[in-house]
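Observations on the three-dimensional arrangement
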Amino acid sequence: MSNSDPFAAIADPNRRHLLEELRRAPRTVNDLAKGLPISRPAVSQHLKALLDCNLVTVTTSGTKRIYSVNTPGFNRMNLWLDQFWI
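Keep in mind the model is a prediction, meaning the values are calculated, not measured. Position labels on residues start from 1 in each chain and follow its written sequence. In view of the model being predicted, local features appear only for residues whose pLDDT reaches at least 70, and side-chain atom pairs are presented and counted only at 80 or more, with totals across whole chains, interfaces and linings using the full set of residues. No hydrogens and no water enter the side-chain calculation; it runs on all heavy atoms of the structure.

1. Points about the environment of Asn54
Quick note on the threshold: A run of H or I in DSSP counts as a helix once it spans at least four residues, and a run of E counts as a strand once it spans at least two, with each numbered from the N terminus. Here's how the labels work: a residue is buried when its accessible area is under 20% of the maximum for its type, exposed when over 50%, partly exposed in between, all with a 1.4 Å probe on protein chains only.
Looking at the secondary structure, you find Asn54 in the loop between α4 (40-52) and β2 (56-61). A relative accessible area of 43% means that Asn54 is categorised as partly exposed. Between the C-alpha atoms of Asn54 and Leu22, which are 32 residues apart in sequence, the distance is 14 Å.

2. So, the packing of aromatic side chains
Spelled out, the test is: Think of it this way: a Phe, Tyr or Trp ring, Trp meaning its six-membered ring, pairs with another when their centres are within 6.5 Å, and the plane angle makes it stacked under 30 degrees, edge-to-face over 60, tilted otherwise.
Tallied over the entire structure, the rule returns two aromatic pairs. Geometrically, the ring pair formed by Phe7 and Trp80 is edge-to-face, given 5.3 Å between the ring centres and 65 degrees between the ring planes. Residue Phe7 is located in helix α1 (residues 6-9), and its partner Trp80 is located in helix α5 (residues 75-82); the two are separated by 73 residues in the primary sequence. Its relative accessible area of 43% is what places Trp80 among the partly exposed residues. A ring pair is formed by Trp80 and Phe84, whose centres lie 4.9 Å apart and whose planes are at 65 degrees; its orientation type is edge-to-face. An aromatic cluster is built from Phe7, Trp80 and Phe84, whose rings are joined through pairwise contacts.

3. Observations concerning the pairing of strand β3 (residues 64-69)
What counts is decided by this rule: Whether two strands pair depends on DSSP finding at least two bridges between them.
Sheet topology note: the strand β1 (residues 27-28)/β3 ladder contains two bridges and is antiparallel. Looking at the pairing, Thr28 lines up with Ile66 of β3. With six bridges connecting them, β2 and β3 associate as antiparallel partners. Among the inter-strand pairings, Thr59 is bridged to a residue of β3, identified as Ile66. The turn joining β2 and β3, which pair antiparallel and follow one another in sequence, is formed by two residues; a positive phi near 70 degrees is taken by Gly62.

In structure tokens form, the structure reads like this:
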């Protein structure tokens, strides 16, 4: 996914699942892949799409890449959605 539209990113059910898992706690690709019927490389590709639109962040700890939800990245979506409740 080359575009940074967060709505396009969360349209995929696998990405929504990843976000739900990351909402509970930061995780590695291996940890996340255990809960999905897709490969680790596919999980990495989904995480890349979420990174591209700023919905997740990644930090390194040794050789591990640890992903977590980037709460400020949801602000653009929240602002757009909030206009429907005013």
